[in-house]
Amino acid sequence: MKYKDEYIQILKEELKPAMGCTEPIAIAYASSIVRKYLKHEIKKINVLVSANIIKNVKSVVVPNTNGLRGIKSACAIGIVAGNSSLQLECISNVNDEEIEKCKEFLNKNIIFVKPSTSDFVFDIDITGYTDDEACQVRIVDYHTNVVTIKYNDEFIINKELSGIRKDDLTDRKLLDVEDIYDFIENVDIKEIEDLLLRQEKYNMAIAIEGLQHPYGANIGKTLLMNSENCIATKAKAYASAASDARMNGCHMPVVINSGSGNQGITCSVPVIVYADELKVSHEKKMRALALSNLLTIHIKTDIGRLSAYCGAIAAGCAAGAAIAYLYGGKLKEINHTLVNALAIASGVICDGAKASCAAKIVLALEAGILGYNMYLAGNQFKAGDGIVKKGVENTIHNVGLLASEGMVETDKEIIKIMMD
């Protein structure tokens, strides 16, 4: 089995718990570090963020703020109530008094937000000032990658800014579909079981929350109203309900994938629903979950953490392949499902985190499930059909090119429209 240790480490690096949309939480995390170092009353905060951070934070509800939205709210709650040791769960323990203090802090109008001029797609740079202190915290490339902590003139952390370094994360280029399949078929499931069980526990809990209470546009509830007994509808409903809750202020954590809670939900919840409905063994369910997670990471590697390409599409296609596996599919079925699904849905835009993300998850899963059903019926997209190339890896590579290079101008126009 090639890359066993590396694949396990990749799962450990990606399947982390996070509360709320991960971009505002990253802002709260950076702000909580600023607060940790400043000893006196904060008089001013400068926030520099890249355009994609602005896009993903603008419209989403920040958890544990009683409905507050946006960059300033994420910064304020991190300052007032953040616990930096909890990283992406830094505002998980907020009480009513702290929420009121957050509102009071916002009313001081001392938080100033500007677009960053850096070349990094993911860049959060926050500096807080007291009368005689200053603390700068910068996060680059991914949500917990703190590259700078500077207190007055002293650097506590000062990493070289050269993109994600090999010693920060395990090399994702080691991933390919054939080796992923070999890994999930042969790994001792006990080596990754705890990670996957936590994902199942957290993500199914928020799915149930989203179905039981009103959140956002209530996509999950709407689906179940129309067809409750269909396994595909149930899978889409549970996944979208989890996003309904997460995008609209629910404080419950999710286990993320590739830096995104919606991607973590999309690649896990439908697989769990199908596994339970089909009554497969616990071990089969865990292997399918590992497959879906690793395929999502693989597809997202060339796309990038943030782009104009909706990341839920990658996760939905991966979930479709894992569902094929639950039905007894092998490598051939997985390959064809992925190619079909990616051909159907690639091109759905990311216009920031908000209520409609739940509906895009439904579209992503439609593509994943249809991709598998096409194969069962003897139908497939072939090389030359649009971006499809011969071989699953070549098609995945084309999707990465589409997202990381072809949609750069699309991303700029999306952000321009949102800011206007």
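Our structure is the block above this text.
Trainee: Before we move on, could you go through the overall build of the chain and cite the residues and values that matter?
Mentor: Scanning the chain for helices and strands turns up 16 helices and eight strands. Over its C-alpha atoms the chain spans a radius of gyration of 21 Å, differing by no more than 12% from the 22 Å that the globule rule assigns to 420 residues. Overall size of the chain, expressed as C-alpha extent along the three principal axes, is 70 × 45 × 45 Å. Residues classed as buried in the chain amount to 58% of the 420 residues present. Nonlocal contacts in the chain, meaning residues at least 24 apart in sequence, comprise 77% of its contacts between residues at least 6 apart. Positive and negative side-chain charges in the chain, numbering 46 and 52 respectively, have mean positions lying 2 Å apart.

Trainee: An account of the packing of aromatic side chains is requested, with residue identities and associated values reported.
Mentor: The full count for this structure, using the stated rule, is four aromatic pairs. Ring geometry for Tyr 7 versus Phe 183: centroids 5.5 Å apart, planes at 70°, classification edge-to-face. Separated by 176 residues along the polypeptide, Tyr 7 in helix H1 (residues 4–14) and Phe 183 in helix H6 (residues 177–186) bring together distant segments of the chain. Taking the relative accessible area as the measure of exposure, Tyr 7 reaches 0% and is therefore buried. Ring geometry for Tyr 274 versus Tyr 327: centroids 6.2 Å apart, planes at 70°, classification edge-to-face. With Tyr 274 in helix H10 (residues 261–278) and Tyr 327 in the loop between helix H12 (311–326) and helix H13 (331–345), this pair connects stretches of sequence that are 53 residues apart. Ring pairing ties together the aromatic residues Tyr 3, Tyr 7 and Phe 183, which thus form one cluster. The ring of Tyr 325 has Lys 284 lying over it, and the distance from NZ or CZ to the ring centre is 3.9 Å.

Trainee: Talk me through empty space enclosed by the protein; I want residue IDs and the actual numbers.
Mentor: Scanning the model with the defined rule gives two cavities of 30 Å³ or more in all. Within this model, the largest cavity holds a volume of roughly 330 Å³. Lining the largest cavity are 33 residues, and of these Asn 56, Ser 260, Gln 263, Gly 311 and Cys 350 lie nearest its centre. Those elements giving two or more residues to the lining of the largest cavity turn out to be helix H2 (22–37), helix H3 (51–57), helix H9 (231–247), H10, H12 and helix H14 (357–376). For the lining of the largest cavity, a count of residues per class yields eleven nonpolar, 14 polar and eight charged.

Trainee: Help me get a handle on the environment of Ala 322, residues and values and all.
Mentor: Structurally, the position occupied by Ala 322 is in helix H12. Expressed as a C-alpha distance, the spacing of Ala 322 and Tyr 372, which sit 50 residues apart in the sequence, is 9.7 Å. In contact with Ala 322, other than residues within four places in its own chain, are Val 271, Ala 288, Leu 291 and Ser 292.

Trainee: An account of the pattern of salt bridges is requested, with residue identities and associated values reported.
Mentor: Inspection of every chain in the model, using the stated rule, returns 19 salt bridges. Note that Lys 101 is salt-bridged to Glu 97, the shortest N-O span being 3.5 Å. Of this pair, Lys 101 and Glu 97 both sit in helix H5 (residues 96–107), four residues apart, which is roughly one turn of that helix. Here Glu 97 falls in the exposed class, since its relative accessible area comes to 53%. Of the charged contacts, one joins Glu 100 and Lys 103 as a salt bridge, the two residues approaching to 3.7 Å between their closest N and O atoms. With Glu 100 and Lys 103 both in helix H5, this residue pair falls three residues apart, about one helical turn. For Glu 100, a relative accessible area of 41% translates into the label partly exposed. Each member of the salt-bridge network shares a partner with another, and the members are Glu 13, Glu 14 and Arg 172.

Trainee: Explain the nonpolar core residue by residue, including any values.
Mentor: In this structure, Ile 27, Ile 124 and Leu 294 are the most contacted members of the largest nonpolar core, which totals 131 residues. In terms of residue count, H12 provides more of this core than any other element does, eleven residues in total. Every residue in contact with Ile 124, bar those within four places of it in the chain, is listed here: Glu 23, Ala 26, Ile 27, Ala 30, Leu 48, Val 49, Ile 53, Val 137, Arg 138 and Ile 139. Cys 21, Val 60, Met 247 and Cys 357 belong to the second-largest nonpolar core, a separate cluster that totals five residues.

Trainee: Talk me through the layout of surface pockets; I want residue IDs and the actual numbers.
Mentor: In this structure, the second largest pocket encloses a volume near 200 Å³. Residue lining of the second largest pocket: 16 residues in total, with Glu 13, Lys 16, Tyr 142, Thr 144 and Leu 169 positioned closest to the centre. Among the residues forming the lining of the second largest pocket, the class breakdown is four nonpolar, five polar and seven charged.

Trainee: Could you give me a rundown of the pairing of strand E5 (residues 134–140), with the residues and numbers involved?
Mentor: Counting buried positions along E5 yields six of seven residues, so the element is predominantly enclosed. Of the pairings in the sheet, the one linking strand E4 (residues 123–129) to E5 comprises seven bridges and is antiparallel in character. If you follow Tyr 129 over to E5, its bridge partner there is Ala 134. Linking two consecutive strands that pair antiparallel, namely E4 and E5, is a turn of four residues. Relative to strand E6 (residues 146–151), E5 is paired through five bridges, and the arrangement is antiparallel. Looking at the pairing, Gln 136 lines up with Lys 150 of E6. Joining the antiparallel neighbours E5 and E6 is a turn of five residues, in which Asp 141 adopts a positive phi near 80°.

Definitions and limits used
Residues numbered from 1 in each chain as written. Predicted model: local features only at pLDDT ≥ 70, side-chain atom pairs only at ≥ 80, totals over all residues. Heavy atoms only, no water. Helix = DSSP H or I, 4+ residues; strand = E, 2+ residues; numbered from the N terminus. Rg over C-alpha atoms; globule rule 2.2 N^0.38 Å. Buried < 20%, exposed > 50% of the residue type's maximum accessible area, 1.4 Å probe, protein only. Contact = heavy atoms within 4.5 Å. Lys, Arg positive; Asp, Glu negative; His and termini not counted. Charge placed at Lys NZ, Arg CZ, Asp CG, Glu CD. Phe/Tyr/Trp six-rings, centres within 6.5 Å; stacked < 30°, edge-to-face > 60°. Lys NZ or Arg CZ within 6 Å of the ring centre and 35° of its normal. 1 Å grid on protein atoms, 1.4 Å probe; cavity = no way out; pocket = protein on both sides within 12 Å on 5 of 7 lines; lining within 4 Å. Points joined across faces, edges and corners; volume = space filled by probe spheres on them. Nonpolar A, V, L, I, M, F, W, Y, C, P; charged D, E, K, R; others polar. Salt bridge = Lys/Arg side-chain N within 4 Å of Asp/Glu carboxyl O. Core = buried A, V, L, I, M, F, W, Y, C linked by side-chain atoms within 4.5 Å. Pairing = 2+ DSSP bridges.

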